[in-house]
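The residues making up each chain are set out below.
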Amino acid sequence: QKEVEQDPGPLSVPEGAIVSLNCTYSNSAFQYFMWYRQYSRKGPELLMYTYSSGNKEDGRFTAQVDKSSKYISLFIRDSQPSDSATYLCAMSAGNTPLVFGKGTRLSVIA
Amino acid sequence: DGGITQSPKYLFRKEGQNVTLSCEQNLNHDAMYWYRQDPGQGLRLIYYSQIVNDFQKGDIAEGYSVSREKKESFPLTVTSAQKNPTAFYLCASSISWVNTDTQYFGPGTRLTVL
């Protein structure tokens, strides 16, 4: 079993839809969880960061962590064509290298 | 303007040649990282450096070498021993090794070996 699993997609949704992106993981020591957004041929940029379990909201984006299920989610409300990108989950136990998911490619169609 | 720069953006080399990718940061970060990204593979860690004059192998270090002589610079050499060097290479940095979570990435270098 891979340490971090993420469905690569592609995921295609109409503009205005709610998007749900997910990752599962196997290492119970992970306590720092991140979502990065990567536009085509660019470096990833940090989108959301959460520590331990719970929710975090930032504008149209909500990150959820369920440590009991080893499951994290990113929700995008009122999705826009500019949200079209690859979304990478990443996690760490702290003082250890980040472990990345393979990324989910999202297309928001106008 | 603070950030991470990688050069060049595109690089072409003949098979059997060594090539060095540049990574510079002016964020005053202690830790720096090199990742390789292939289609459908996500980011895989090649090497990382916690501090100047120190570096450790990541998951896929074979065929690569690095140096960290200055805090702001972490060049990566792709040697002829690397069997499949064609990929997108990303450099990143974080404030310290303790804060490995918040990594900032450069724009990447796309290496094509002909």
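Residues numbered from 1 in each chain as written. Chains lettered and ligands numbered in written order. Predicted model: local features only at pLDDT ≥ 70, side-chain atom pairs only at ≥ 80, totals over all residues. Heavy atoms only, no water.

**Q** What exactly am I supposed to notice about the sheet that holds strand β7 (residues 64-66) of chain B here?
**A** What holds strands together in a sheet is hydrogen bonding between their backbones, with the strands either parallel or antiparallel. Residue and element names in this part refer to chain B. Ordered in space as β1-β3-β8-β7, the four strands form an open sheet in which the pairing is antiparallel. This sheet does not close on itself; its edge strands, each paired only once, are β1 (4-7) and β7. With direction set aside, neighbouring strand axes in the sheet form an average angle of 20°. When β7 meets strand β8 (residues 76-78), the two strands line up antiparallel, connected through three bridges. Within the sheet, the bridge partner assigned to V66 lies in β8 and is L76. (Pairing = 2+ DSSP bridges. Helix = DSSP H or I, 4+ residues; strand = E, 2+ residues; numbered from the N terminus. Axes fitted to C-alpha atoms, helices over the stretch in contact; angles between N-to-C directions.)

**Q** I'm lost on the nonpolar core in this one. Help?
**A** One broad trend across soluble globular proteins is that nonpolar side chains are buried collectively. Residues A:V4, A:W35, A:I72, A:L74, A:Y87 and A:M91 are the most contacted members of the largest nonpolar core, which totals 25 residues. Those elements that place two or more of their residues in this core are β3 (19-25), β4 (32-38), β5 (45-51), β7 (61-66), β8 (71-76), β9 (85-92) and β11 (104-109) of chain A. Aside from chain neighbours lying at most four places away, what touches A:M91 is A:V4, A:C23, A:Y25, A:F30, A:Y32, A:F33, A:M34, A:I72, A:P97, A:L98 and A:V99. If you look at the next biggest cluster of nonpolar residues, it comprises 19 residues, including B:I46, B:A61, B:Y64 and B:A87. (Core = buried A, V, L, I, M, F, W, Y, C linked by side-chain atoms within 4.5 Å. Buried < 20%, exposed > 50% of the residue type's maximum accessible area, 1.4 Å probe, protein only. Contact = heavy atoms within 4.5 Å.)

**Q** Explain the interface of chain B and chain A to me, please; I cannot follow it from the model alone.
**A** Note on interface size: it is often stated as the accessible area lost on association of the parts. Every contact between the two is made by 22 residues of chain B and, on the other side, 19 residues of chain A. Summing both partners gives a buried area of about 1,600 Å² for chain B against chain A, and 58% of it is carried by carbon and sulfur. Where chain B meets chain A, there are zero salt bridges. Where chain B meets chain A, there are two residue pairs in polar contact (both at pLDDT 80 or more). Where the side of chain B that touches chain A is concerned, the elements lending two or more residues are β4 (31-38), β5 (42-51) and β9 (87-94) of chain B. For the side of chain B that touches chain A, the leading source of residues is β5(B), giving four residues. Of the residues contributing to the side of chain B that touches chain A, the split by class is eleven nonpolar, eight polar and three charged. (Buried area = accessible area lost by both parts, 1.4 Å probe. Salt bridge = Lys/Arg side-chain N within 4 Å of Asp/Glu carboxyl O. Polar contact = N/O pair within 3.5 Å; in protein donor to acceptor, adjacent residues only side chain to side chain. Nonpolar A, V, L, I, M, F, W, Y, C, P; charged D, E, K, R; others polar.)

**Q** Please explain the pairing of β1(B) as it appears in this structure.
**A** Consecutive residues of a regular strand have side chains that alternate between opposite faces of the sheet. Residue and element names in this part refer to chain B. Burial along β1 is one-sided: I4 and Q6 are buried, while T5 and S7, pointing the other way, are not. In this sheet, strand β3 (residues 19-25) lies alongside β1 in antiparallel orientation, the contact comprising four bridges. Considered in β3, the bridge of S7 is made with S22.

**Q** Looking at this structure, how should I read the state of the cysteines?
**A** Any covalent bond linking the sulfur atoms of two cysteines counts as a disulfide. Tallied over the entire structure, the rule returns two disulfides over all chains. With a sulfur-sulfur separation of 2.0 Å, A:C23 is cross-linked through a disulfide to A:C89. Handedness here is read from the sign of the S-S torsion; for A:C23 and A:C89, about -100°, the answer is left-handed. Separated by 66 residues along the polypeptide, A:C23 in strand β3 and A:C89 in strand β9 bring together distant segments of the chain. For the pair shown, A:C23 and A:C89 are each scored as buried. The disulfide that involves B:C23 links it to B:C91, with 1.9 Å between the sulfurs. Looking along the S-S bond of the B:C23-B:C91 disulfide, the torsion reads about -70°, which is the left-handed sense. With a gap of 68 residues between them, B:C23 in strand β3 and B:C91 in strand β9 connect regions that are remote in the sequence. Per residue, the accessibility class of B:C23 equals that of B:C91, and both read buried. (Disulfide = S-S within 2.5 Å.)

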